[in-house]
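# Chains, contacts and geometry: an overview
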Amino acid sequence: MATMSMPIIQHGHHRGRGGSSSISLQFNMGRRSSTSIYQRTPVVAIFLAALLLSNILIYLYLDSVYQSDRQPVTTHNGCLAQYFKMPTMKNCTPWLQCPMIEADVRKLKLIGQGAVKKVYLAEWKGQKVSVSKLSSLNYSQDFLHGVSMLKALQGPLVVQLVGFCLKDHTMVTQYHPLGSLLNLNIVLAQEHQKHRNTWQTRLMLAIDYISILHYLHNSPAGRRVMCDSNSLEKTLSQFLLTNDFHLVVNDLDALPEVDVSRGLLVKCGHHEISGDFVAPEQLWPFYNKGKPFSDDLMHEYDEKTDIWKIPDVTQFLIGRVIGGDLIHFHLFQIHKECKSQDPKLRPSALDVLMIYKAVYSNMARNNGEFREKL
Ligand SMILES: Nc1ncnc2c1ncn2[C@@H]1O[C@H](COP(=O)(O)OP(=O)(O)O)[C@@H](O)[C@H]1O
Ligand SMILES: [Mg+2]
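Residues numbered from 1 in each chain as written. Chains lettered and ligands numbered in written order. Predicted model: local features only at pLDDT ≥ 70, side-chain atom pairs only at ≥ 80, totals over all residues. Heavy atoms only, no water.

We now examine the overall build of the chain. Secondary structure summary: the chain contains 12 helices and 11 strands in total. Taking all 374 residues of the chain together, the buried fraction comes to 41%. By sequence separation, contacts in the chain at least 24 residues apart represent 64% of the contacts at least 6 residues apart. By element, 57% of the accessible surface of the chain is carried by carbon and sulfur atoms, the whole surface being about 21300 Å². (Helix = DSSP H or I, 4+ residues; strand = E, 2+ residues; numbered from the N terminus. Buried < 20%, exposed > 50% of the residue type's maximum accessible area, 1.4 Å probe, protein only. Contact = heavy atoms within 4.5 Å. Areas by Shrake-Rupley, 256 points an atom, 1.4 Å probe, with all protein chains shown as cover.)

Following this line, the structure appears as structure tokens:
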């Protein structure tokens, strides 16, 4: 539009100065040839307006052609929403529903069990998949919440949903043979994986982990807190290690929403939480005074509980790899801020993410030097 309007202005300007174009002659019929520029201005204006209008019409036409040509929106796996495609598949397939799950998904063996679900390796049309079944009817609400969060949050940082059958309390997801993040050290100690046991792999996993927190705190389903994370082991068990050593979050059964504008805060469950791993605001404040726990007297809190836990998770992820000490040195200040007693003083996941990425690039740039010093 901008480039097309240039000649029009020049043209009009030229005509205004130079006298008689054929168009202005037509409009000026019957007038004296000495008509001033001011008298001719409406004619020029009408001409310009007509050209502008035709430009707009052409633009609208082209835009509509472009729109009708536009591909439907695809997601990160190259499929439409509510479709899945595992790396071994050629085509996108709609999420499996009850009859297909009942007919075509065959459980092979139990691979995991948490409080809410029993998880099986299973097979669907020659593909390995993971099938989760509700383990106790007491947790039905958590299970249904987990499925609805998986549906809402599908993307590169979340395990891929393959199908679900709510009446049977069953969900099917992509199978990740390396299992949960709890296995990290065992996996990286395997002979054929040893070459991956580097600060690069490990810091990248920490970056994935913070990226996931950032995603959950700013998700399409609002600001979500990762509540089922009262210990390091529990937290690690909620993430899966992909074959290319990235992370996806897998267990979304306890993701309550925080929305300050609606005065919405959270409590992670209704029982007393203890230990150093959880944020101080999650602890029963009258513990030292010997007062028995009462859920009614517990204050609510926000997503900054997830930020408090970052340094401990990162400590585990980095482990004892060469270069690890330097990473901890660079992260010292931001980790100190994550451990602020006052949640408001803790950084956002995005603040932490930017520091982690800067440390990675910095160390990657200096890696030559860094090796020489070893
Ligand atoms: N898609 C999967 N691929 C491989 N292992 C899985 C998969 N889903 C779950 N698991 C294993 O099962 C464990 C429990 O799964 P999770 O969804 O956290 O269940 P729960 O809600 O009972 O905690 C995980 O920690 C992991 O070891
Ligand atoms: Mg779990």
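Following the structure, the description resumes.
Our next topic: the pattern of salt bridges. Side chains bearing opposite charge may pair, as long as their charged atoms lie close to each other. Scanning all chains against the criterion turns up 13 salt bridges. Close ionic contact of Lys117 with Asp251 constitutes a salt bridge, the shortest N to O distance being 3.5 Å. A residue pair is termed long-range when its members are at least 10 positions apart, and Lys117 in strand β4 (residues 117–124) and Asp251 in the loop between β10 (247–249) and β11 (257–258) qualify at 134 residues. Note on accessibility: Lys117 and Asp251 belong to one class, buried. (Salt bridge = Lys/Arg side-chain N within 4 Å of Asp/Glu carboxyl O.)

This brings us to the site of ligand 1. Close to ligand 1 lie 19 residues; Gly114, Lys117, Gln174, Ser237 and Asp251 are nearest. Interatomic distance of 2.9 Å between a side-chain N/O atom of Asp251 and an oxygen atom of ligand 1. Summarising the interface, the protein chains cover 93% of the accessible area of ligand 1, which totals 560 Å² for the free molecule. Contributions of two or more residues to the shell around ligand 1 are made by β3 (105–113), β4 and β7 (170–174). (Near = heavy atom within 4 Å. Polar contact = N/O pair within 3.5 Å; in protein donor to acceptor, adjacent residues only side chain to side chain.)

Here we come to the sheet that holds β7. Two modes of strand pairing occur in sheets, parallel and antiparallel, and in both the strands are linked by backbone hydrogen bonds. Overall, antiparallel pairing links the 5 strands, which are arranged β3-β4-β5-β7-β6 in an open sheet. Edge positions in the sheet fall to β3 and β6 (161–165), since each of these pairs with one other strand and no more. Adjacent strand axes in the sheet meet at a mean angle of 25° when their direction is disregarded. Each of β4, β5 (127–134), β6 and β7 is contacted by helix α5 (residues 140–153), which is oriented at about 40° to β7, the strand it contacts most. (Pairing = 2+ DSSP bridges. Axes fitted to C-alpha atoms, helices over the stretch in contact; angles between N-to-C directions.)

With 15 residues, helix α9 (residues 304–318) extends 22 Å from end C-alpha to end C-alpha; this agrees with the ideal 21 Å at 1.5 Å per step. Where α9 bends most, at Ile310, the angle is about 40°, and the proline Pro311 comes one to four residues later. The element α9 is extensively covered by neighbouring structure, given that 13 of its 15 residues are classed as buried. One or two positions beyond α9, positive phi appears at Gly319, with a value near 60°. (Expected span 1.5 Å × (residues − 1). Bend = angle between axes of the 7 residues up to and from the residue.)

Two measures define how a pair of helices packs: the angle their axes make with one another and the distance between the axes. Here helix α7 (residues 199–217) crosses α9 at 160°, and the two axes come no closer than 9 Å. With respect to α9, the axis of α7 lies roughly antiparallel. Remark: the crossing between α7 and α9 carries right-handed chirality. Judged by residue contacts, Arg202, Leu203, Leu205, Ala206, Tyr209, Ile210, Leu213 and His217 of α7 engage Asp306, Ile307, Lys309, Ile310, Val313, Thr314, Phe316, Leu317 and Ile318 from α9. Here the contact of α7 with α9 is composed, by residue class, of 12 nonpolar, 2 polar and 3 charged. (Parallel < 35°, antiparallel > 145°, perpendicular 65-115°, else oblique. Left-handed = near helix turned anticlockwise from the far one by under 90°. Nonpolar A, V, L, I, M, F, W, Y, C, P; charged D, E, K, R; others polar.)

Further remarks concern the coordination of the magnesium ion (ligand 2). For a metal with four tetrahedral donors the ideal donor-metal-donor angle is 109.5 degrees, while six octahedral donors give ideal angles of 90 or 180 degrees. Protein ligation of the magnesium ion (ligand 2) involves Gln238 (OE1) and Asp251 (OD), the donor distances falling in the range 2.0 to 2.1 Å. With a gap of 13 residues between them, Gln238 in the loop between α8 (232–237) and β9 (239–241) and Asp251 in the loop between β10 and β11 connect regions that are remote in the sequence. For the pair Gln238 and Asp251, a shared accessibility class is recorded, and that class is buried. (Donors = N, O, S within 2.8 Å, 3.2 Å for Na, K, Ca; no water.)

Counting 74 residues, the largest nonpolar core has Val129, Leu203, Tyr209, Leu241, Ile310 and Tyr356 as the members making the most contacts within it. Ranked by residues supplied to this core, first place goes to α7 with 10 residues. Shared between two domains, this core holds at least three residues of each, these being domain 2 (83–174) and domain 3 (181–373). Setting aside anything within four residues of it in sequence, one finds Tyr209 in contact with Phe239, Leu247, Asp306, Lys309, Ile310, Val313 and Leu317. (Core = buried A, V, L, I, M, F, W, Y, C linked by side-chain atoms within 4.5 Å. Domains from an automatic or database assignment.)

Quick look at the confidence of the model for the chain now. Here the chain shows a mean pLDDT of 86. Residues at 70 or above account for 79%. In the model, residues 1–38 has pLDDT below 50 throughout and makes 23 contacts with residues more than four positions away in sequence or in other chains. Low pLDDT, under 50, characterises residues 64–69; the stretch is placed with 0 contacts to residues that sit more than four places away or in other chains. (pLDDT = per-residue confidence, 0-100.)

Mapped onto the elements, Tyr301 comes out in the loop between β11 and α9. A relative accessible area of 5% means that Tyr301 is categorised as buried. Non-local contacts of Tyr301, meaning those with residues more than four positions away in its chain, are made with Val258, Leu265, Val266, Lys267, Cys268, Ile273, Glu281 and Gln282. Side-chain polar atoms of Tyr301 contact the backbone nitrogen of Cys268, separated by 2.8 Å.

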